[in-house]
Amino acid sequence: MQTNKMSKVFLFGGIFSFLFLYIPLIVLILYSFNNSKINVGWVGFTLKWYKVLFADKEIIHAGVNSLLIAFTSSSISVVLGTLGGVALHRYKIPLLSALVMVPVAAPELLVGVSLLLFFLMINFTLGYASIILAHTAFSISFVAIAVKSRMFGMDDSIIDAARDLGASPFKAFWLILIPTILPGIIAGGLMAFTLSVDDFVITFFTAGVGSTTLPLAIYSMLKMGVTPEVNAASTIIILFTLCLASIATKLSPQIFK
Amino acid sequence: MAILEIKSVTKQFGDNLVVDNISIDIQKGEFFTLLGPSGCGKTTLLRMIAGLVTPDSGQILLDGVDITNLPPEKRPLHTIFQSYALFPHMTVADNIAFPLKMAKWDKSKIDAQVNELLEDVQLSQFKDRYPHEISGGQKQRVAIARSLVDRPKLLLLDEPLSALDARLREHMHMELVKLQEETGVTFVYVTHDQHEALALSSRIAVLNHGTIEQLDKPDIIYSKPKTHFVADFLGKCNLLKAEVLATTGDTVKLRVADSIELSIKDPASSSYHVGQIGWYSLRPEKLKLSSENNFDATNLSVIKSKVNGYYYYGNGTLYELDLGNNTKLQVMAPNHTSDGVKFFVDNSEIYVAFDPEAGNFLDTSSC
């Protein structure tokens, strides 16, 4: 009886929290198909905002930039984050594990401002390079954490076994360790990619004049008022994120579930 | 001919002396066991043979060649790990082929050899499965096949059966002995399980605190333990206080538990002195019980005693007797009557008999 009541509480609580998360997004998506220039009241179904969006050279340019930045920064952070994750697992230094969490947990505003100050201090010209470096900086943590969690469930003696069965240290790393932790690496890499595409705050601080990404472009569109074109752009980003997140979840259930 | 020579090997982790100047010669074709409690250094010694740990001092020779400083991949020996350590992203066949690929065998030769090994361990129909799709016993057999596929000179086994349930473990005991006889590969086996060690080994080294307590054949280790630790670690053992009364030739006369006088043969008797205190060790199953003093052999020592309590074990009953002066004596009596068991009840008077030669004297230096 008691457990029945409790499970109902969890069920309704769960439904409520999902509605809370997704109603605004669903409304946003619905209005991207609304045949009206302003976002008040449903008029009728149309795909014309998507046509407008894809004809908008600036938005497309920003979108391509976002993808290139995400691809570059997540590639770099996959390599560095994997090495970091392996090191975290092998040398269990308590402070280091906490330090890796900081870029994930720290307010984005602080990370953005501190990166901006750092770039100015070393006279680094703000532009796409600075955005890529900034994104790499926070993405490494996500990859390292994903790899470390993957290694936590791993049998450490497989590396010893590989050496024992004739593999050099490099072959043991490349043929045994990397394939075993690959789901963690991919999951971390996809997280890094998604976060890079979505990031606004840190990008806002580290972008130079003329360099733009999709979130920055949408933000500047908002200044002219919220048109359904923004909804259409946002819808595409949401669906893209959803795809990557579900692949990441599938690959590494123990990390994200 | 010794295939493996361990010469004065020592290893220290921080302040902890894990392996303390150990020397062992292991013969070709032996099933050699390193037995001891956790932390006795047996696994560290095994890992030093495998090359996964480097000794601080000493030498390890395999087939006369010094391998002390060779990396693990260069040593012609393999290890079976406690967790089996199968590669999770490879099929059974790919796992078994791994050492051959590392040794750069031809593809066709690899396939033939892997198929042969798969047949040997009866896993041919599972060759395309992944490790998480097979049972614990099957994983064990894959690990064995993978370690024997390139015919190593030596196979090291690190508590390989501890993850299996009791029935499967007993079955694997027989399989391992058979496998060792068929392949002729020398086995070095690490375990903390005394039954396993006694049943499988041709010789056993009992380790404690990084040193060898005793190295001998299983039956000698069990019936003639040299030290208090060995007597206590391998099965149940009565350890009774004993005083040396006299030594003549290779015979020593003892007073056991302040009351029983007996003489036993002991090659070390000349090193004892009169009045020396030690222990007399006697396994519980070496004693006979009767309600009357009607034992027929003349060489037996007979004591009158009282039953303190008993434990029914199915194949035998363990009695605890009171010898007075706070001295307890355990007796294991077989339950061989056909019409159920007749127990000697608590507080009943009882006669115990044993052949003095069934036990032996341990001097206190070995405590």
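Residues numbered from 1 in each chain as written. Chains lettered and ligands numbered in written order. Predicted model: local features only at pLDDT ≥ 70, side-chain atom pairs only at ≥ 80, totals over all residues.

Visitor: Looking at this model, I keep getting lost on the domain arrangement of chain B. Mind explaining?
Guide: Interfaces are often sized by the accessible area lost when the parts come together. All names here are of chain B. Domain boundaries assigned for chain B yield domain 1 (2-230) and domain 2 (236-366). One C-alpha centre belongs to domain 1, the other to domain 2, and the line joining them spans 38 Å. Listed by partner, the interface residues are six residues for domain 1 and seven residues for domain 2. Its residues assigned to classes, the side of domain 1 that touches domain 2 comprises one nonpolar, three polar and two charged. (Domains from an automatic or database assignment. Contact = placed C-beta atoms within 7 Å. Nonpolar A, V, L, I, M, F, W, Y, C, P; charged D, E, K, R; others polar.)

Visitor: Explain the nonpolar core to me, please; I cannot follow it from the model alone.
Guide: Grouped together as the largest cluster of nonpolar side chains are 99 residues, with contacts concentrated most on I49(B), I96(B), A145(B), L155(B), L156(B) and V188(B). A total of six residues in this core trace back to one element, the largest contributor, which is helix α2 (residues 92-102) of chain B. The contact partners of I96(B), leaving out residues within four places of it in the chain, are V114(B), L117(B), L118(B), V142(B), A145(B), R146(B) and V149(B). The next biggest cluster of nonpolar side chains, apart from the first, holds 42 residues, and it includes V78(A), A134(A), F205(A) and L244(A). (Core = buried A, V, L, I, M, F, W, Y, C linked by C-beta atoms within 7 Å. Buried ≥ 20, exposed ≤ 12 C-beta atoms within 10 Å, placed from the backbone. Helix = DSSP H or I, 4+ residues; strand = E, 2+ residues; numbered from the N terminus.)

Visitor: So what exactly am I meant to see when it comes to the interface of chain A and chain B here?
Guide: Each partner contributes to the interface: chain A provides 14 residues, whereas chain B provides 17 residues. Contributing elements (two or more residues each) for the side of chain A that touches chain B: α7 (157-164) and α8 (169-198) of chain A. Counting residues per element, the side of chain A that touches chain B draws most heavily on α7(A), which supplies six residues.

Visitor: Can you help me understand α7(A) in this one?
Guide: Counting along an α-helix, one turn takes 3.6 residues, and residues three or four places apart therefore face a common direction. Taking burial as the measure, the eight residues of α7(A) include seven buried ones, the bulk of the element. Residues of α7(A) that are buried include every one of I158(A), I159(A), D160(A), A161(A), A162(A), R163(A) and D164(A), and no others. Each element contacted by the buried residues of α7(A) is listed here: α8 of chain A together with α1 (42-50) and β6 (77-80) of chain B. Backbone geometry just after α7(A) places G166(A) at a positive phi near 110 degrees.

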